[in-house]
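Here are the chains, one letter per residue:
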Amino acid sequence: EAIRRAIFSGNPKFFFGSDTAPHLPEDKEKKKAAGVFAPTNIVIPLLFELFDAAGARKNFPKFISFSGKAAYGINSGTPGIYLVRETWTVPETVNGIVPFWAGKELGWKLRRM
């Protein structure tokens, strides 16, 4: 709960970072590889749903973009994505790899500008 409060707070010390781990299922089982495959088109809408449910929509851009860039001294620029309300199901596999949230439904979809 403390992590959720920190993430939704808008505090610039907390920001999103991802590292997908696209291991084939047989490699994950054989090598016990850690991590999940969470492509941007899945993780960004999922995070938005969490922020929306927490009543923290206004802090979402800070968390996924602006706070991290500021922390590393990167020019913010203009965000290059937007979300549309569209129900869709995360595919069971993406190029033979099982993604995070596979088979589950999301209510928002990522669109690139």
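Placed above this text is the structure.
The model shown is predicted, which means the values in this text are computed figures rather than measured ones. (Residues numbered from 1 in each chain as written. Predicted model: local features only at pLDDT ≥ 70, side-chain atom pairs only at ≥ 80, totals over all residues. Heavy atoms only, no water.)

S.K.: Residue-level account of the overall build of the chain, with values.
M.R.: Secondary structure assignment for the chain yields four helices and two strands. Ordered by position from N to C terminus, the α and β elements of the chain give α-α-α-α-β-β. With 113 residues in all, the chain has 27% of them scored as buried. Put simply, the chain shows about 7400 Å² of open surface, and 56% of that area lies on carbon and sulfur atoms. (Helix = DSSP H or I, 4+ residues; strand = E, 2+ residues; numbered from the N terminus. Buried < 20%, exposed > 50% of the residue type's maximum accessible area, 1.4 Å probe, protein only. Areas by Shrake-Rupley, 256 points an atom, 1.4 Å probe, with all protein chains shown as cover.)

S.K.: Can you tell me about the environment of Ile7, naming the residues and giving the values?
M.R.: Mapped onto the elements of the fold, Ile7 is located in helix α1 (residues 2-8). Residues Ile7 and Ala56 lie 49 residues apart in sequence; the distance between their C-alpha atoms is 9.4 Å. With residues up to four places along the chain from it excluded, the contact list for Ile7 reads Phe51 and Phe63. (Contact = heavy atoms within 4.5 Å.)

S.K.: How would you summarise the nonpolar core if you had to cite specific residues and measurements?
M.R.: Counting residues in each nonpolar core, the largest one holds 13 residues, and the members touching the most others are Val43, Ile44, Leu47, Phe48, Phe51, Phe60 and Leu83. Not counting the four nearest positions on each side in its chain, Leu47 is found in contact with Phe16, Phe60, Phe63 and Ile64. (Core = buried A, V, L, I, M, F, W, Y, C linked by side-chain atoms within 4.5 Å.)

S.K.: Tell me what's going on with helix α3 (residues 40-53), and back it up with residues and numbers.
M.R.: For α3, which comprises 14 residues, the first-to-last C-alpha distance of 20 Å matches the rise-based estimate of 20 Å (1.5 Å per residue) to within 8%. Listing the buried residues of α3 in full gives Ile42, Val43, Ile44, Pro45, Leu46, Leu47, Phe48 and Phe51. Where α3 is buried, its residues touch α1, α4 (60-71), β1 (81-89) and β2 (105-112). Phi turns positive one or two residues past the end of α3, at Gly55, with a value near 70°. (Expected span 1.5 Å × (residues − 1).)

S.K.: Can you tell me about the packing of aromatic side chains, naming the residues and giving the values?
M.R.: For any pair of aromatic rings, geometry is given as the distance between the ring centres together with the angle between the planes. Taken as a whole, this structure holds eight aromatic pairs when the rule is applied. Ring centres of Phe15 and Tyr72 lie 5.9 Å apart, and the angle between their planes is 80°; on these two criteria the pair is classed as edge-to-face. Residue Phe15 is found in the loop between α1 and α2 (25-31), and its partner Tyr72 is found in the loop between α4 and β1; the two are separated by 57 residues along the sequence. Overall, the relative accessible area of 62% leaves Tyr72 in the exposed class. In textbook terms, an aromatic cluster arises when at least three aromatic residues are bridged by ring pairs, as seen for Phe8, Phe16, Phe48, Phe51, Phe60, Phe63 and Trp108. Above the face of the Trp101 ring, Lys104 is positioned so that its terminal group lies 4.3 Å from the ring centre. (Phe/Tyr/Trp six-rings, centres within 6.5 Å; stacked < 30°, edge-to-face > 60°. Lys NZ or Arg CZ within 6 Å of the ring centre and 35° of its normal.)

S.K.: Residues and numbers for the pattern of salt bridges, please.
M.R.: The final tally for this structure, using the stated rule, is three salt bridges. The partner of Asp52 in a salt bridge is Arg57, and the shortest N-O contact between them spans 2.9 Å. Residue Asp52 is classed as partly exposed on the basis of its relative accessible area, which comes to 29%. The class for Arg57 is partly exposed, based on a relative accessible area of 38%. The salt bridge involving Arg111 is made with Glu86; its shortest N-O contact spans 2.7 Å. One end of the pair, Arg111, is in strand β2; the other, Glu86, is in strand β1, and 25 residues separate them in sequence. The class for Arg111 is partly exposed, based on a relative accessible area of 31%. (Salt bridge = Lys/Arg side-chain N within 4 Å of Asp/Glu carboxyl O.)

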